[in-house]
Amino acid sequence: MPLVLSHQTGHREDELGPLQRGDAVQDDPRPRAAAHGISTTHLFAGGCGDLLGFREAGFDPQYAANHSASAISTVRMNFPGIRYSRCDINNLDFRSIPRTRVAVGSPICKEASPAGRNSTSSQQPKQNSPDGGAPAPQWSRTRATAWDLLRAAEVHDYDVVCGENVVDFATRWKPFTAWTNVWDAMGYDGQFVSVDAAHISGPGNEAAPQHRHRVLFVFTKKGLRLPDLRVQPRSICPECGPVDGVQVWGKRFAQPGVLKVGSYGHQYRYRCPNDRCRREVEPVTRAIREHVDLTEPGRLVGEGRPNRRAFERYAEETRRKIAIGMARFGDEPFLVILRNHCTVQSLDEPIGAITAEGNHHMLVKPGRTVDECEVKMIHLRTKARAQRFPDQHQFGGTTVTDLTRQVGNAVPVNVAQWLGERIAPVLL
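The model shown is predicted, which means the values in this text are computed figures rather than measured ones.

**Student:** Which residues make up the pattern of salt bridges, and what values go with them?
**Tutor:** Pairs can form between side chains of opposite charge whenever their charged atoms are close. As enumerated under the stated definition, the model contains 26 salt bridges in all. A salt bridge links Arg214 to Glu164, with the nearest nitrogen and oxygen atoms 4.0 Å apart. Residue Arg214 is located in strand β8 (residues 213–221), and its partner Glu164 is located in strand β6 (residues 160–165); the two are separated by 50 residues in the primary sequence. Considered together, Arg214 and Glu164 belong to a single accessibility category, that of buried residues. For Arg319, the salt bridge identified is with Asp371, shortest N-O distance 2.8 Å. One end of the pair, Arg319, is in helix α6 (residues 316–329); the other, Asp371, is in the loop between β17 (361–365) and β18 (374–377), and 52 residues separate them in sequence. A relative accessible area of 12% means that Arg319 is categorised as buried.

**Student:** Residues and numbers for the packing of helix α1 (residues 49–56) against helix α9 (residues 413–427), please.
**Tutor:** At a minimum axis distance of 7 Å, the contact between α1 and α9 shows a crossing angle of 45°. Taken together, the axis directions place α1 and α9 in an arrangement best described as oblique. Considering only the axes of α1 and α9, their crossing is right-handed. Counting all contacts with α1, which are made through Gly49, Asp50, Leu52, Gly53, Phe54 and Glu56, the residues of α9 involved are Val413, Ala416, Gln417, Leu419, Gly420 and Ile423.

**Student:** Give me the sheet that holds strand β15 (residues 334–337): which residues, what numbers.
**Tutor:** Reading across from one edge, β14-β18-β17-β15-β16 is the order of the five strands in this open sheet, with antiparallel pairing throughout. A single partner strand is all that each edge strand has here, and the edge strands are β14 (299–300) and β16 (344–346). With two bridges connecting them, β14 and β18 associate as antiparallel partners. Bridge pairing in β18 places Leu300 opposite Glu374.

**Student:** Help me get a handle on the sheet that holds strand β11 (residues 246–249), residues and values and all.
**Tutor:** Taken in spatial order, the five strands of this open sheet run β10-β9-β13-β12-β11, and their pairing is antiparallel. On the outer flanks of this sheet lie β10 (241–244) and β11, each paired with one strand and no other. Along the sheet, successive strands turn relative to each other by an average axial angle of 50°, direction set aside. As judged from the two bridges shared by strand β12 (residues 268–271) and strand β13 (residues 280–283), these two strands associate in the antiparallel manner. In the strand pairing of β13, Arg271 is matched with Glu280.

**Student:** Any chance you could break down α9 for me, citing the residues and the numbers?
**Tutor:** Under the 1.5 Å per step criterion, the end-to-end length of α9 is 21 Å for 15 residues, consistent within 8% with the ideal 21 Å. Along α9, twelve of the 15 residues are buried, which leaves the element largely enclosed by surrounding structure. Contacts made by the buried residues of α9 are with α1, β5 (102–105), β6 and β8.

**Student:** Break down the confidence of the model for the chain for me, with residues and values.
**Tutor:** Residues at a pLDDT of 70 or more form 84% of the chain, whose mean pLDDT is 85. Confidence drops under a pLDDT of 50 for residues 1–30, and excluding neighbours within four residues, the segment shows 79 contacts in the predicted structure. Segment residues 111–123: pLDDT under 50, and 35 contacts once partners within four positions in sequence are set aside and those in other chains are kept.

**Student:** So what about the environment of Arg151? Which residues, and what values?
**Tutor:** Among the structural elements, Arg151 can be located in helix α3 (residues 137–156). Note on Arg151: relative accessible area 30%, which makes it partly exposed. Put simply, Arg151 and Leu92 are 59 residues apart on the chain and 9.7 Å apart in space, counted from C-alpha to C-alpha. What Arg151 contacts, discounting residues up to four positions off in sequence, is Ile89, Asn90, Asn91, Leu92 and Phe94. Among the polar contacts listed, one links the side chain of Arg151 to the backbone oxygen of Ile89, at a separation of 3.0 Å.

**Student:** Before we move on, could you go through the nonpolar core and cite the residues and values that matter?
**Tutor:** Residues Phe54, Phe59, Val102, Cys162, Leu419 and Ile423 are the most contacted members of the largest nonpolar core, which totals 36 residues. Mapped by element, the contributors of at least two residues to this core are β5, β6, β7 (188–196), β8, β12 and α9. A per-element tally of this core places α9 first, with eight residues.

**Student:** Can you tell me about unusual backbone geometry, naming the residues and giving the values?
**Tutor:** Most peptide bonds adopt trans geometry, and most residues besides glycine take a negative phi value. Positive phi outside glycine occurs at His341, with the angle close to 65°. Mapped onto the elements, His341 comes out in the loop between β15 and β16. Relative accessible area serves as the criterion here: at 86%, His341 is assigned to the exposed category.

**Student:** I'd love a proper account of the side chain of Gln387, names of residues and values included.
**Tutor:** With respect to the helices and strands, the residue Gln387 is situated in the loop between α7 (380–386) and β19 (395–396). On the basis of relative accessibility, which here comes to 0%, the residue Gln387 falls in the buried class. Residue contacts for Gln387: discarding those within four places in its chain leaves Gln210, Arg212, Val407, Gly408, Ala410, Pro412 and Val413.

**Student:** Lay out the packing of aromatic side chains in plain terms, naming residues and giving numbers.
**Tutor:** As enumerated under the stated definition, the model contains 23 aromatic pairs in all. Ring geometry for Trp179 versus Phe219: centroids 5.5 Å apart, planes at 85°, classification edge-to-face. A residue pair is termed long-range when its members are at least 10 positions apart, and Trp179 in helix α5 (residues 176–185) and Phe219 in strand β8 qualify at 40 residues. For Phe219, a relative accessible area of 1% puts it in the buried group. Through a chain of ring-to-ring contacts, the aromatic side chains of Trp147, Phe169, Trp173, Phe176, Trp179, Trp183, Tyr188, Phe192, Phe217 and Phe219 assemble into a single cluster.

Definitions and limits used
Residues numbered from 1 in each chain as written. Predicted model: local features only at pLDDT ≥ 70, side-chain atom pairs only at ≥ 80, totals over all residues. Heavy atoms only, no water. Salt bridge = Lys/Arg side-chain N within 4 Å of Asp/Glu carboxyl O. Helix = DSSP H or I, 4+ residues; strand = E, 2+ residues; numbered from the N terminus. Buried < 20%, exposed > 50% of the residue type's maximum accessible area, 1.4 Å probe, protein only. Axes fitted to C-alpha atoms, helices over the stretch in contact; angles between N-to-C directions. Parallel < 35°, antiparallel > 145°, perpendicular 65-115°, else oblique. Left-handed = near helix turned anticlockwise from the far one by under 90°. Contact = heavy atoms within 4.5 Å. Pairing = 2+ DSSP bridges. Expected span 1.5 Å × (residues − 1). pLDDT = per-residue confidence, 0-100. Polar contact = N/O pair within 3.5 Å; in protein donor to acceptor, adjacent residues only side chain to side chain. Core = buried A, V, L, I, M, F, W, Y, C linked by side-chain atoms within 4.5 Å. Phe/Tyr/Trp six-rings, centres within 6.5 Å; stacked < 30°, edge-to-face > 60°.

Below, the structure is given as structure tokens:
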């Protein structure tokens, strides 16, 4: 099934509208949780990872919104009958959308967090600028989106509002504490949990073959039971064998008022649940190898970079990383990570985080020399599989940029399903 799909026509994407049944896609063969009829609204729908995950958890998605025409096409092709709006969320009149019990929304993270270790100075207005110091329009819209969840909750009084973001959203976004205080004032109890998509799984919900460190937030109406958000990944203890790991944090997180958010291996790890043992354990993960096509031919490094009018040699840093991989993995194919402070990784482990901007993973089939190595960038479908999208899931759009953003910005399907499965019991 092709990944690139043209936009659907015959509807006004700036208004609510039903999807035609003729746009249905092949059913996903995986088992699905029993439907319990809890309705959901999905803001910032994107590639529909959160819609798919919540549907897998038995929820009934009723409404989706996104500013992108390509994202709305993705919604329409994969969720027949859902209502939708193509709009900037910060301009959406929430009185015009259907009321549901749960709202799911993961605000854009690149500027608002700021993700990617962007400087916090990017959040400050510039002095003596022609426009009087106002932030760029894209930044203004982006930072507004986290507050839009509050606007939606004020109108619809959801039982639960939830989503995900990068860790920096909680640690480096200056209004974060004020944002959480408003939720409290509106009658919600807040919970935050740090996860790696490679560690999130359960019955009928395989882990993603991707390391992706994120913080999940859940705001539940006061008076309702709080969902159980303990992360207990399947792990191997060298002393006790297979166990469900227990998340443990560094010493500074034991201090009063310190929010437990961070990344696996840095701020937290997992230990054996048995009190007589308590040894550190490693969660079981899935390798990216099975999702990479090793039969497709690539291009020799010595032939230079592709799609150039004249010969252009691969960058010395890229060649250096390829040489590191050859020394480390011998004749085995491996991935070169085209990011700062990264080098290579094995195909027998989860891939590094898939992003919305560019392609950072180069598959290398070793030769006798660097020039004789065969290379190619991984496919978008491989990236989608790393986000736990089934191959039956279709993406709307006609450009690589459209598709890359949808896949990279999506909530991994397994993470959304895990979150939905923990929210559902408090609403039944």
